[in-house]
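Below, each chain spelled out in residue letters.
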Amino acid sequence: LHWAPATPVTISVEETAGTVTVRPGGTSAITRQGYLRLPATVRHACRVRAGDRLLVGADPDAAVLFAFTPAAVDAMVAAYHGGGAPAWPADGERP
């Protein structure tokens, strides 16, 4: 997406879906090292813990970055394959 360090971004979260959306402009920013740090409020809302991996995708034409929690990916795969029960409960807590 060619976001340079200090690029202002808006980070929004859809708690029930476990997804994070990042767009240019806003009050957060890309770090000096070129990383995107998710604020604690976003991490807590999505139940993301230290060491958790997120599936990250981008839409370069729209300049948007998406991050999906493991629970969100699990729900999407289950829905794609006929609505089978996800491996994790809907509340995002892992067994």
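Reference entry: report on the structure contained in this document. (Residues numbered from 1 in each chain as written. Predicted model: local features only at pLDDT ≥ 70, side-chain atom pairs only at ≥ 80, totals over all residues. Heavy atoms only, no water.)

**A closer look at the pairing of strand β2 (residues 19-24)**
Examined bridge by bridge, strand β1 (residues 8-14) and β2 share six bridges and lie antiparallel to one another. Paired with Ile 11 across the two strands is Val 22, which belongs to β2. Linking β1 back to β2 in an antiparallel pair, the connection comprises four residues, with Gly 18 at a positive phi of about 70°. Bridge count for β2 against strand β5 (residues 64-68) is four bridges, and the pairing is antiparallel. Among the inter-strand pairings, Val 20 is bridged to a residue of β5, identified as Ala 67. (Pairing = 2+ DSSP bridges. Helix = DSSP H or I, 4+ residues; strand = E, 2+ residues; numbered from the N terminus.)

**Observations regarding the sheet that holds strand β3 (residues 28-29)**
Read from one edge to the other, the open sheet built from five strands follows the order β3-β1-β2-β5-β4, with strand pairing classed as antiparallel. The strands lining the two open edges of the sheet, one partner per strand, are β3 and β4 (55-59). Contacts from helix α2 (residues 70-80) reach β2, β4 and β5 within the one sheet, and its direction differs from that of β5 by about 85°. (Contact = heavy atoms within 4.5 Å. Axes fitted to C-alpha atoms, helices over the stretch in contact; angles between N-to-C directions.)

**Focus on the side chain of Thr 7**
Among the structural elements, Thr 7 can be located in the segment before β1. With sequence-adjacent residues up to four places away left out, Thr 7 is seen in contact with Ser 28, Ala 29 and Ile 30.

**With respect to the side chain of Thr 19**
For Thr 19, the position within the fold is in strand β2. The class of Thr 19 is buried, set by a relative accessible area of 16%. When sequence neighbours within four positions are dropped, the list of residues in contact with Thr 19 reads Ser 12, Val 13, Glu 14, Cys 46, Ala 67, Phe 68 and Ala 72. (Buried < 20%, exposed > 50% of the residue type's maximum accessible area, 1.4 Å probe, protein only.)

**Observations regarding the packing of aromatic side chains**
Inspection of the entire model under this criterion finds one aromatic pair. Taken together, a centroid distance of 6.5 Å and an interplanar angle of 20° make the contact between Phe 66 and Phe 68 stacked. (Phe/Tyr/Trp six-rings, centres within 6.5 Å; stacked < 30°, edge-to-face > 60°.)

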